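Each chain, written out:
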Amino acid sequence: MKLSYSPVLLFFLLISACKKQVEPVDSFYETELFKAVQLSDTFKDSKTFVDLVPKMDVAILEAEYLNQKDNANFDIKSFVNEHFEDRSMKALQFETDTTKTMYEHIGLMWDKLTRGPDSVIPNSSRIALPYKYVVPGGRFQEIYYWDSYFTLEGLLADGRDDLAKNMVDNFSFLIDSIGFIPNGTRDYYNTRSQPPFYALMVDALARKDENLILYYLPELAKEYEFWMQGSDKVVQARPQKHVVDLGLNVYLNRYWDEGSSPRPEAYKEDLHLASELPSDSLKQVLYKNLRSAAASGWDFSSRWYGKKNDFGSTETINILPVDLNCLLYFMEKILYRACVLKGDREAQNEFSKRSQLRKLTIQQLFWNADTGYFHDYNYKKESTTPELTMAGVYPLYFGLATRDQAEKVKEVVMTKFLKDGGLVTTLEYSGQQWDAPNGWAPLQWIAVRGLMNYGYLDEAKEIMQRWLTLNEKVYKNTGKMMEKYNVEDLSLLSGGGEYETQDGFGWTNGVAVGFRQLLEDMDKLSNK
């Protein structure tokens, strides 16, 4: 049985239940003040402003701004400084002790990156959480959804089980109070989620106690319902939010954001990209596609382009991502396991059927025999997308690939993606951060574990060693763990995207510690 909520958690649930009744896009993001600040040069990027806290009700602030803005001596930066304050956690500040190893540094960083429990701050964009949690670092001083799984794996490998469970309990709180896990714990993210790794977090905790799967069953079911919402109404010609019906007797999933306006945290950037489109309706479609790409966590990548080298052709909502559908497969599998533990035979039969149908579909629909690799599928064009990306290794991570498919994927990974510093994200040099020459910790983890699932231990070891060597090199030179790395030119840091490379960094720390443990386990096995 689920434990009863504490008085503190009940308070948080009440607060969040009230927030849930508010429109997904808060009225502040529609004000003239908001637009004026975001289009000015007050801040280096759009996220800085939305993370500040107004000192008074936004309606009063808007009236003040409208009353003053036409004055000859009006200065918008001074107005913001007077009426807003930085109430977020300060960006990470620490002095690196160069006598410590990278892993000793990471061990110390867990506490430096830990936040919460939160207090509720009036007018703040922050969503308060009732338990401690680990933030990524840098500009990201709130919790992020898919980042947290890889952080959690590191916490477990470092023996920080209590903090790992707190992370899962915070996500459970979000599911119970908001109805889903948002992209991050800011209200401007409340129109979208991120890659659904909650089931994997629960599974990771359940390695020591399988009954935890049953404990978190209510939230697992709600998470699944969120991603499958509308499946009772969807038809081939009319997708419903995350759900698309291809007439294959199985529902597949896409990334989706409820909004169709510029993202508040990237307002100027989105407006600029859409500025040359001839109509408001076309701009709204692009905004939705940009938002949905942000929901994928791959913001941004040529993976989502409809036309080569054309960021403005982003068509995320037309694409069925192979990684997302693998994650939904795992969600169906863990719900099946929970129903077995519960003794609900009817439900376990249903989830068994759904997972097997999705598995067969992934093996067939997303497979490209010509490239020997898994691709995304564009359901509008009725074909796989042309680009090779590291999302294509997810079927190996979840054991979905056939033996022959796994062999071919391994060859592509080792011959095309493997660089001196690890695995590159895609083979395109678009200038986007989720493209070449950048490599990202979560995709190294997915690839390594996927290869290990099929017995490719030497290949997995090679990837881990190259990645960790790069991590150590950058740490030695900078004293920092980075959000992403240039895996091709090891003399350079990573680049591209809407903001500078951030340091901290939650999922890089988690994967490094996890890889260290995997390599140690491999050595023990080889010495037996």
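A few points on the structure. None of the values given here were measured: they were computed from a predicted structure.

1. Quick word on the packing of helix α11 (residues 217-227) against helix α14 (residues 322-342)
Between α11 and α14, whose axes approach to 10 Å, the crossing angle comes to 145 degrees. As for the relative orientation of α11 and α14, their crossing is left-handed in sense. Counted together, L217, L220, A221, E223, Y224 and W227 of α11 and L324, L328, M331, E332, I334, L335, A338 and K342 of α14 form the full contact between these two elements. Each residue belonging to the contact of α11 with α14 can be placed in one class, and the counts come to eleven nonpolar, no polar and three charged.

2. Quick notes on unusual backbone geometry
Here the residue pair D299 and F300 is connected by a cis peptide bond, since its omega of 5 degrees sits within 30 degrees of zero. Within the secondary structure, F300 sits in the loop between α13 (280-295) and β7 (319-320). Along the chain, A436 connects to P437 via a cis peptide bond; the corresponding omega equals 10 degrees. The topology assignment puts P437 in the loop between β13 (422-423) and β14 (438-439). Of note in this structure, N123 is not a glycine but carries a positive phi near 70 degrees. With respect to the element layout, N123 can be found in the loop between β3 (114-115) and β4 (133-134). In this structure N123 comes out as partly exposed when scored by relative accessible area, which is 41%. Phi at E382 takes a positive value of approximately 55 degrees, unusual for a residue other than glycine. Along the chain, E382 falls in the loop between β10 (377-378) and β11 (383-384). With relative accessibility at 63%, the residue E382 sits in the exposed group.

3. Describing the packing of aromatic side chains
Summed over all chains, the structure comprises 46 aromatic pairs. Taking the centre distance of 5.8 Å and the plane angle of 55 degrees together, the rings of F28 and F49 count as tilted. With F28 in the loop between α1 (7-20) and α2 (32-39) and F49 in helix α3 (residues 46-50), the pair connects residues that are 21 residues apart, well separated along the chain. Per residue, the accessibility class of F28 equals that of F49, and both read buried. Centre to centre, the rings of W146 and F197 are 6.1 Å apart; their planes meet at 40 degrees, and the pair counts as tilted. Note that W146 is positioned in helix α7 (residues 145-157) and F197 in the loop between α8 (161-178) and α9 (198-205), a separation of 51 residues in sequence. As far as burial versus exposure is concerned, W146 and F197 are alike and both buried. Seen from the ring of W256, K288 lies directly overhead, with NZ or CZ sitting 4.2 Å from the centre. Taking the ring centre of W298 as reference, the NZ or CZ of R303 above it sits at 4.5 Å.

4. Topic: the pattern of salt bridges
Counted by the stated rule, this structure contains 32 salt bridges. In this structure, E142 engages R186 in a salt bridge whose closest nitrogen and oxygen atoms are separated by 2.6 Å. Of this pair, E142 sits in the loop between β4 and α7 while R186 is found in the loop between α8 and α9, placing the two residues 44 residues apart along the sequence. A single burial state applies to E142 and to R186, both of which are buried. Where salt bridges share partners, they join K47, D51, E142 and R186 into one cluster.

5. Brief notes about the sheet that holds β11
Strand pairing in a sheet takes place through backbone hydrogen bonds and is either antiparallel or parallel in direction. With respect to topology, three strands assemble into an open sheet ordered β7-β10-β11, the strand pairing being antiparallel. Of all the strands in the sheet, the pair left with one neighbour each is β7 and β11. Both β7 and β10 contribute to a ladder of two bridges, which runs antiparallel. The residue bridging L320 from the neighbouring strand is Y377, located in β10.

Procedures and definitions
Residues numbered from 1 in each chain as written. Predicted model: local features only at pLDDT ≥ 70, side-chain atom pairs only at ≥ 80, totals over all residues. Heavy atoms only, no water. Axes fitted to C-alpha atoms, helices over the stretch in contact; angles between N-to-C directions. Helix = DSSP H or I, 4+ residues; strand = E, 2+ residues; numbered from the N terminus. Left-handed = near helix turned anticlockwise from the far one by under 90°. Contact = heavy atoms within 4.5 Å. Nonpolar A, V, L, I, M, F, W, Y, C, P; charged D, E, K, R; others polar. Buried < 20%, exposed > 50% of the residue type's maximum accessible area, 1.4 Å probe, protein only. Phe/Tyr/Trp six-rings, centres within 6.5 Å; stacked < 30°, edge-to-face > 60°. Lys NZ or Arg CZ within 6 Å of the ring centre and 35° of its normal. Salt bridge = Lys/Arg side-chain N within 4 Å of Asp/Glu carboxyl O. Pairing = 2+ DSSP bridges.

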